[in-house]
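The chain contents come next:
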Amino acid sequence: MFGTKKPLWGPQPEQKKHYDAVLIGGGLHNLATAYYLAKEHGMTNVAVVEKRFIGFGGAGRNTAIVRANQRTQENVPLYKDALDLWPQLTKELDFNLMFNNCGNVNLMHSEAAMKAARMNVSTAQFLGVESHVLDAKQTKELVPALNLSQDITHPIHGSMYHPPGGIVRHDAVVWGLAKGAAKLGVDILQQTEAQGISTRQGKVTGVDTSRGHISTPKVMVSAGGYSAGIISHLLGLKLPISVLTIQAMVTQPLKPLLNHVVSSGAYHVYCNQTLKGEIATGAHMDPWPNYTTQVTARYIKHQAEALTEFLPCLRGVKFMRAWGGLADMTPDMAPIMDGNDPLDGFFMNCGWGYFGFKSSTATGRYMAEYMATGECPQRLRPFTFRRYEQHKLMGETAALVNYTPDN
Ligand SMILES: Cc1cc2nc3c(=O)[nH]c(=O)nc-3n(C[C@H](O)[C@H](O)[C@H](O)COP(=O)(O)OP(=O)(O)OC[C@H]3O[C@@H](n4cnc5c(N)ncnc54)[C@H](O)[C@@H]3O)c2cc1C
């Protein structure tokens, strides 16, 4: 029976000798870019080349949280664009992406954190994103299972509540975008590794893959945790990106007890209850740069201890699965999106850390516009990689729930 099933995005096509654009990495960002290149710019002679299978990277490993209450004026509007796209895309792709806008509750554990939350909320509200500060009692009304005792490591003072955020089914997004792009003519080449980028006189001329040479005037690298390595290895361009492992896990299925995504920067933990009833939880990155996707007992223990302090009803619940993925972190916790620099026809979209699922559709749409027209959309301009040379780092590190490569 399984042998007769065909992927939604059709059988594996033959790699052509020429494409108008080649996108390296079969993750969320490139699948979205491919879809919008075809749909909104008529560029259908496009290939997505993926070393393993689509969704192998962070696309298939993330904890599916979406929100738009970031810290800075450059980031909030971009994430808001993405949040607004989920219902639209579900219709457009004719594929249920299971958007559940259950809202996000960020717990605050000190009066200083409450002050910072007020500032975050003001920024969000100023930029048209719904966000509120709640005291401890109001937070408990939203999340009745919370432990408001003063006798825990980080007593709860209140929260930042963001009703339009929530969860989207991550693999449905991968499959829906792949289906949409392939239907419009994009070639999705799995088991195809990009091994070289050829250039002549400052311009991109092609890509060498494990299936042979492709001539193309436009190449995008958006390969999650592998992007910085590919860009450095194939073009010699060094980016200020550290790659760290981030782990996540789910418990056995439980009766409904959590109606929101609940996170805590102080405890380094976040969780939500999936539609299957499992509590999905993740948090901190491993404290040193590495490329492993293995899980560690230390981390499982940390999650169990942290979660059961503020959600004591989870004591005794079993973890069923744990997994790891890569987070490509920049020093200012904001991504790098750039094009035609230092080479004409070269584009990159990386440095998404552990927050690149929620933005992927809007970013894909803007990067498609950039690739098709050669004009950088206004929204993406602050994200140039030159900001690090120009000392124009973004203030996302001031966000409340913030884990930098250094902590
Ligand atoms: C455990 C975990 C939890 C997370 N939780 C969240 C969350 O809740 N919300 C959120 O917004 N984000 C979250 N993220 C982050 C998010 O998943 C990533 O930012 C996002 O997936 C990056 O997407 P991408 O398309 O850039 O790359 P990826 O999805 O990582 O895809 C990159 C692809 O490139 C391929 N590749 C690598 N080298 C080559 C090559 N040479 N040639 C061809 N292909 C190549 C890989 O095989 C891979 O499939 C989480 C990440 C992890 C690991």
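Computed from a predicted model, the values in this text were never measured in an experiment.

**Student:** Even after reading the chapter, I still don't get the site of the ligand, so can you show me in this structure?
**Tutor:** By nearness alone, 39 residues border the ligand, and L28, E50, G58, A59 and K358 come closest of all. A59 places a main-chain nitrogen or oxygen 2.8 Å from an oxygen atom of the ligand. Between the ligand and the protein, one listed contact pairs an oxygen atom with a backbone N or O atom of G356 at 3.0 Å. A total of 1,000 Å² of accessible area belongs to the ligand in isolation, and the protein chains cover 97% of it. Taken together, the elements giving at least two residues each to the shell around the ligand come down to α1 (28-41), β13 (242-251) and β17 (319-329). Residue composition of the shell around the ligand, by class: 19 nonpolar, 14 polar and six charged.

**Student:** How do you make sense of helix α5 (residues 170-183) when you look at a structure like this?
**Tutor:** In an α-helix, one full turn covers 3.6 residues, which means residues spaced three or four apart are oriented alike. Taking 1.5 Å of rise per residue, the 14 residues of α5 would be expected to cover 20 Å, and the 20 Å separating its terminal C-alpha atoms lies within 8% of that figure. For α5, a buried count of 11 out of 14 residues is recorded, marking the element as mostly surrounded by other parts of the structure. Those residues of α5 that fall on the buried side of the exposure criterion are H170, D171, A172, V173, V174, G176, L177, A178, K179, G180 and A181. Of the surrounding secondary structure, the elements contacted by the buried residues of α5 are α1, α2 (75-92) and β8 (187-189). Within two residues after α5, G185 carries a phi angle of roughly 115°, on the positive side.

**Student:** Sorry, what's going on with the layout of surface pockets here?
**Tutor:** Rolled over the atoms, a probe sized like a water molecule indicates the empty space that remains. Taken as a whole, the second largest pocket spans an internal volume of roughly 460 Å³. Every residue lining the second largest pocket is counted, 21 residues in all, and those nearest its centre are R169, H170, T274, K276 and E278. Sorting the residues of the lining of the second largest pocket by element identifies α5, β15 (269-273) and β17 as the ones contributing at least two each. Residues belonging to the lining of the second largest pocket are distributed by class as follows: eight nonpolar, eight polar and five charged.

**Student:** For this particular structure, what's the right way to read the packing of aromatic side chains?
**Tutor:** The geometry of an aromatic ring pair is captured by the separation of the ring centres together with the interplanar angle, meaning the angle of the planes. In this structure the tally under the stated criterion is eight aromatic pairs. On the numbers, 6.5 Å between centres and 35° between planes, the contact of Y226 with Y291 is tilted. Of this pair, Y226 sits in the loop between β12 (219-221) and α6 (227-235) while Y291 is found in the loop between β16 (279-289) and α7 (297-310), placing the two residues 65 residues apart along the sequence. Here the aromatic rings of Y267 and F310 are separated by 5.3 Å at their centres, their planes lie at 45°, and the arrangement is tilted. Placement of Y267 in the loop between β14 (261-264) and β15 and of F310 in helix α7 is noted, with a sequence separation of 43 residues between them. A relative accessible area of 0% places F310 in the buried class.

**Student:** Looking at this structure, I do not really get the pattern of salt bridges. What am I missing?
**Tutor:** Pairing between side chains becomes possible if they bear opposite charge and their charged atoms approach one another. Applying the stated criterion across every chain yields a total of 15 salt bridges. Where E40 meets K39, a salt bridge forms, and the shortest distance between an N and an O atom there is 3.9 Å. Exposure remark for K39: the relative accessible area of 38% places this residue in the partly exposed category. Residues E375 and R381 are paired through a salt bridge, measuring 3.8 Å at the closest nitrogen-oxygen approach. With relative accessibility at 40%, the residue R381 sits in the partly exposed group.

**Student:** Mind showing me how you'd approach the sheet that holds strand β4 (residues 104-108) here?
**Tutor:** Two orientations exist for strands paired in a sheet by backbone hydrogen bonds: parallel and antiparallel. The strand order across the open sheet built from eight strands is β5-β6-β4-β14-β15-β16-β13-β17, with neighbouring strands paired in mixed fashion. Of all the strands in the sheet, the pair left with one neighbour each is β5 (132-135) and β17. Here the average twist between neighbouring strands, direction ignored, is 25°. Relative to β16, β13 runs antiparallel, the two being bridged by five bridges. Of the residues in β16, the one forming a bridge with I246 is M285. Contacting β4, β5 and β6 (158-162), helix α3 (residues 111-126) crosses the sheet at an angle of about 150° to β5. Lying over the sheet, α7 contacts β4, β13, β14, β15, β16 and β17, oriented at roughly 130° with respect to β16.

**Student:** Hey, could you run me through unusual backbone geometry in this one?
**Tutor:** Residues other than glycine predominantly adopt negative phi, and peptide bonds predominantly adopt the trans conformation. Residue P342 follows D341 across a cis peptide bond; omega there is 5°. Secondary-structure assignment places P342 in the loop between β18 (336-339) and β19 (346-350). Even without glycine at this site, N340 takes up a positive phi of about 55°. Looking at the element boundaries, N340 is found in the loop between β18 and β19.

**Student:** Looking at this structure, how should I read the nonpolar core?
**Tutor:** Nonpolar side chains in soluble globular proteins generally cluster together in the buried interior. The biggest cluster of nonpolar side chains holds 69 residues, and the ones touching the most others in it are L31, W86, L97, V173, V186, F357 and L380. Judged by nonpolar contacts, the second largest core, of 30 residues, contains I24, A47, V243 and M348.

Rules used in this analysis
- Residues numbered from 1 in each chain as written.
- Predicted model: local features only at pLDDT ≥ 70, side-chain atom pairs only at ≥ 80, totals over all residues.
- Heavy atoms only, no water.
- Near = heavy atom within 4 Å.
- Polar contact = N/O pair within 3.5 Å; in protein donor to acceptor, adjacent residues only side chain to side chain.
- Areas by Shrake-Rupley, 256 points an atom, 1.4 Å probe, with all protein chains shown as cover.
- Helix = DSSP H or I, 4+ residues; strand = E, 2+ residues; numbered from the N terminus.
- Nonpolar A, V, L, I, M, F, W, Y, C, P; charged D, E, K, R; others polar.
- Expected span 1.5 Å × (residues − 1).
- Buried < 20%, exposed > 50% of the residue type's maximum accessible area, 1.4 Å probe, protein only.
- Contact = heavy atoms within 4.5 Å.
- 1 Å grid on protein atoms, 1.4 Å probe; cavity = no way out; pocket = protein on both sides within 12 Å on 5 of 7 lines; lining within 4 Å.
- Points joined across faces, edges and corners; volume = space filled by probe spheres on them.
- Phe/Tyr/Trp six-rings, centres within 6.5 Å; stacked < 30°, edge-to-face > 60°.
- Salt bridge = Lys/Arg side-chain N within 4 Å of Asp/Glu carboxyl O.
- Pairing = 2+ DSSP bridges.
- Axes fitted to C-alpha atoms, helices over the stretch in contact; angles between N-to-C directions.
- Core = buried A, V, L, I, M, F, W, Y, C linked by side-chain atoms within 4.5 Å.

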